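What the coordinates show
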Amino acid sequence: MASQLKLSQPSSALTPRSDRIVCLDECYCEIPEFSIPHTYTGYHSTAPELIAERVEDATIIVTTRAPINAATLAQCSSNLRLIAVMAAGYEIIDLAACRERGVQVCNIPSASAEAVAEHAIALYLAVKRRIVELHTVTKEGLEWPERKLTIHRFGYLPRTCRSETMGIVGYGTLGKRIESIAKALGMSVLIAERKSSTASPRPGRVEFYNMLEKSSIVVLCCPLDNSTRGMIGVEELKHMDPEAVLVNVARGGVVDEAALVTALQEKWIQGAATDVFAIEPANASSGPLLADGIPNLTLSPHVAWYADSSIENLKRSIKTNIESFVQGTPVNIV
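Residue indices follow the written sequence of each chain, beginning from 1 at its first position. For this predicted model, a pLDDT threshold of at least 70 governs which residues receive local features, and a threshold of 80 or more governs which side-chain atom pairs are given and counted, while totals over whole chains, interfaces and linings are taken from all residues. To get the side-chain values, all heavy atoms of the structure are used, and hydrogens and water are removed first.

Per an unreviewed UniProt entry, the recorded name for the protein chain is Glycerate dehydrogenase, and the organism is Cudoniella acicularis.

**What about the packing of aromatic side chains?**
Working definition: a ring pair exists when centres of Phe, Tyr or Trp rings (six-membered ring for Trp) sit within 6.5 Å. Plane angles under 30 degrees give stacked, over 60 give edge-to-face, the rest tilted. Under the criterion given, the structure shown has four aromatic pairs. When the centroid spacing of 6.3 Å and the interplanar angle of 80° are considered together, the rings of Phe154 and Tyr156 count as edge-to-face. Summarising the burial analysis for this pair, Phe154 and Tyr156 share the class buried. When the ring of Trp305 is compared with that of Tyr306, the centres are 5.2 Å apart and the planes differ by 75°; the resulting orientation is edge-to-face. Each residue gets one of three labels from its accessible area relative to the maximum for its type: buried under 20%, exposed over 50%, partly exposed in between, using a 1.4 Å probe on protein chains only. Classification of Tyr306 by relative accessible area gives exposed; the value is 58%. One aromatic cluster in this structure is built from Tyr28, Trp305 and Tyr306. To sit over a ring, a charge needs its Lys NZ or Arg CZ within 6 Å of the ring centre and within 35 degrees of the ring normal. We note Arg54 situated over the ring of Tyr43; from NZ or CZ to the ring centre the distance is 4.0 Å. The ring of Tyr171 has Lys176 lying over it, and the distance from NZ or CZ to the ring centre is 4.1 Å.

**Side note on the sheet that holds strand 5 (residues 104–106)**
Spatially, five strands are ordered 2-1-3-4-5 in an open sheet, and the strand pairing comes out parallel. The sheet is open, and its two borders are formed by strand 2 (38–42) and strand 5, each paired with just one other strand. Taken pair by pair, the neighbouring strands of this sheet meet at an average axis angle of 15°, ignoring direction. Here three bridges tie strand 1 (residues 19–23) to strand 3 (residues 60–63), and the two strands are oriented parallel to one another. At least two bridges found by DSSP between two strands are what make those strands a pair. Numbered from the N terminus, helices here are DSSP runs of H or I no shorter than four residues, and strands are runs of E no shorter than two. Between the N-to-C directions of two axes lies an angle of 0 to 180 degrees, each axis being a line fitted to C-alpha atoms and, for a helix, fitted only over the stretch in contact.

**What to know about the pairing of strand 10 (residues 271–274)**
In strand 10, alternate side chains face the same way, and those of Gly271 and Ala273 on one face and Ala272 and Thr274 on the other are all buried. The pairing of strand 9 (residues 245–248) with strand 10 spans four bridges and is classified as parallel. Residue pairing for strand 10: Leu246 is matched across the bridge by Ala272. Viewed with both strands pointing away, a crossover whose connecting path from the first strand over the helix to the second turns clockwise is right-handed. A crossover links strand 9 with its parallel partner strand 10, the connecting element being helix 10 (residues 257–265), and its sense is right-handed.

**What to know about the packing of helix 4 (residues 113–128) against helix 7 (residues 173–184)**
Axis separation between helix 4 and helix 7 bottoms out at 9 Å; the angle between their running directions is 50°. As far as their axial angle goes, helix 7 and helix 4 are oblique. As helix 4 packs across helix 7, the resulting crossing turns out to be right-handed. From helix 4, Ala113, Glu114, Val116, Ala117, Glu118, Ala120 and Ile121 reach across to helix 7, where they touch Thr173, Leu174, Arg177, Ile178 and Ile181. The nonpolar class holds Ala, Val, Leu, Ile, Met, Phe, Trp, Tyr, Cys and Pro. Asp, Glu, Lys and Arg form the charged class, and all remaining residues, Gly among them, are polar. Grouping the amino acids of the contact of helix 4 with helix 7 by side-chain chemistry returns eight nonpolar, one polar and three charged. Should an angle lie under 35 degrees it is considered roughly parallel, over 145 roughly antiparallel, and from 65 to 115 roughly perpendicular; all remaining angles are considered oblique. Each crossing gets its hand from how the near helix is turned against the far one by less than a right angle, where anticlockwise is left-handed and clockwise is right-handed. The contact definition used throughout considers only heavy atoms, calling two residues in contact when any of these lie within 4.5 Å.

**Some thoughts on the pairing of strand 9**
Remember that side chains alternate between the two faces of the sheet whenever the strand is regular. Residues Val245 and Val247 of strand 9 are buried on one face, and the alternating residues Leu246 and Asn248, pointing to the opposite face, are buried as well. Across four bridges, strand 8 (residues 217–220) lies against strand 9 in parallel orientation. In the sheet register, Val218 faces strand 9, and the bridge partner there is Leu246. In the classification by handedness, the crossover that spans strand 8, the intervening helix 9 (residues 234–239) and the parallel strand 9 is right-handed.

Have a look at this one:
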């Protein structure tokens, strides 16, 4: 898709005190006007091979999902000062390389917590009630008239919410929001201690594997970092209740996707849903979760964040983050 260029003022007006702001992916959210001396160049989206050339003269980079790695940073001007991630997750940024070059990175924590929490619950209900599968069966108009009932499609007696225990992995603003909805629906809730923790669980938390064993729903809403990458694999899936549902609204790399496919095929767990993938955008050649014939798996294309409140929060926060940084009072630095 062709890029779009916007300039807040002629480039000739750039002064040593002005910043050159470049946004690599405006497609996610409209960028607000900044009340600081600057020029602005915005691109609808940016292919990986174009990132370096588009940011080479930037002093501030705005990105949502376009990655900034060490190789890209090496081609950037020495005037680059800030990378402003327009999202909560910042795993797309090589933080070590940024620190080495003296480039600061900020994010927007919790901007989409309301929307993602609701989407997580929607995914859980879709899996538990087999909504997508039964939609297809109903539309086909064959099985229901012929058999009179379709309850055999469940393969088990589904629980109502009051009979469910939800385990939550990641207890920031998003985890707390999911907890409040789950409790409003009548569920019991367990908050997992960090998997890597060797100490006794903190008050109000449950040891990680204990949570897996006791939960009928496990919701992942933690950041992706070295401690959570591949956190859910064969061993963890086998620890789960055979009737449990796994919901991932964290990041794709938190789950071993091939192991999840096996778990569903071998019925280690009852079902799963994910809004995130190890490689995005996902396709059948890059993602095992897009293969045909995987039972009781519901997918959505990383849209859990999208809502009116999310867009409002993103626009307000990206303006605050950048202007505060320029004014010498940086916020949300990671």
